[in-house]
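# Overview (structure and organization)
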Amino acid sequence: MAAITENEAKILLEFRKRIADMELRKIQEHDMFLITWLRAREYNLKKAEEMFRKSQEWRKVNDIVNLFKNWIPPEEYVSKFSFKFCGYDTDASPGLKKL
């Protein structure tokens, strides 16, 4: 993902103000995560905020945070795809480690 430009940084500050009332997880506070919403809506703050809020509501309704808490993957999945989640990189992408 491309680095954040000076102009994007200014728009990002305004975006953060608009969503300041929302309770975000740590990864969702990362600049690279938030800039994706602005880029997806061509820096239209109103549209980016609307899309972000709808997404967060959908995640809440569908309990996405706890989706895999009690899930046990099928044995075939574990044997063929043995990876462990180990955090996020500097672009806010999930990091996996082969076991």
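Residues numbered from 1 in each chain as written. Predicted model: local features only at pLDDT ≥ 70, side-chain atom pairs only at ≥ 80, totals over all residues. Heavy atoms only, no water.

## Observations concerning the confidence of the model for the chain
- Taken residue by residue, the chain gives an average pLDDT of 88. The fraction at 70 or more is 98%.
- Confidence, read as mean pLDDT per element, is least for strand β1 (residues 83-88) in the chain (75) and greatest for helix α3 (residues 45-61) (97). (pLDDT = per-residue confidence, 0-100. Helix = DSSP H or I, 4+ residues; strand = E, 2+ residues; numbered from the N terminus.)

## Points about the environment of Tyr88
- Tracing the sequence through the fold places Tyr88 in strand β1.
- Residues Tyr88 and Glu49 lie 39 residues apart in sequence; the distance between their C-alpha atoms is 24 Å.

## A word on the pattern of salt bridges
- Within the structure shown, the criterion is met by eight salt bridges.
- Between Glu8 and Arg39 there is a salt bridge, with its nearest N and O atoms 2.9 Å apart. With Glu8 in helix α1 (residues 6-18) and Arg39 in helix α2 (residues 31-40), this pair connects stretches of sequence that are 31 residues apart.
- Residue Glu8 is classed as buried on the basis of its relative accessible area of 6%.
- According to the relative accessible area criterion, Arg39 is partly exposed, its value standing at 23%. (Salt bridge = Lys/Arg side-chain N within 4 Å of Asp/Glu carboxyl O. Buried < 20%, exposed > 50% of the residue type's maximum accessible area, 1.4 Å probe, protein only.)

## A short note on the packing of aromatic side chains
- The final tally for this structure, using the stated rule, is four aromatic pairs.
- Judged by centre distance (5.9 Å) and plane angle (70°), the ring pair of Phe15 and Phe52 falls under edge-to-face. Placement of Phe15 in helix α1 and of Phe52 in helix α3 is noted, with a sequence separation of 37 residues between them. In this pair, the class of Phe15 matches that of Phe52, namely buried.
- On the basis of relative accessibility, which here comes to 0%, the residue Phe52 falls in the buried class.
- Three or more aromatic residues joined by ring pairs make a cluster, and in this case those are Phe15, Phe33, Trp37 and Phe52. (Phe/Tyr/Trp six-rings, centres within 6.5 Å; stacked < 30°, edge-to-face > 60°.)

## Side note on α2
- Taken as a whole, α2 has its buried residues at Met32, Leu34, Ile35, Trp37 and Leu38.
- Buried residues along α2 sit against α1 and α3.
- After α2 finishes, the residue Glu42 shows a positive phi value of roughly 50°. (Contact = heavy atoms within 4.5 Å.)

## Description of the nonpolar core
- By size, the foremost hydrophobic cluster in this structure holds 13 residues, and its most contacted members are Phe15, Ile19, Leu34, Leu38 and Phe52.
- For this core, the secondary-structure elements that each account for two or more residues are α1, α2 and α3.
- Considering every element that reaches this core, the biggest residue donor is α2, with four residues.
- If sequence neighbours within four positions are ignored, Phe15 has contacts with Leu34, Trp37, Leu38, Leu45, Ala48, Glu49 and Phe52. (Core = buried A, V, L, I, M, F, W, Y, C linked by side-chain atoms within 4.5 Å.)

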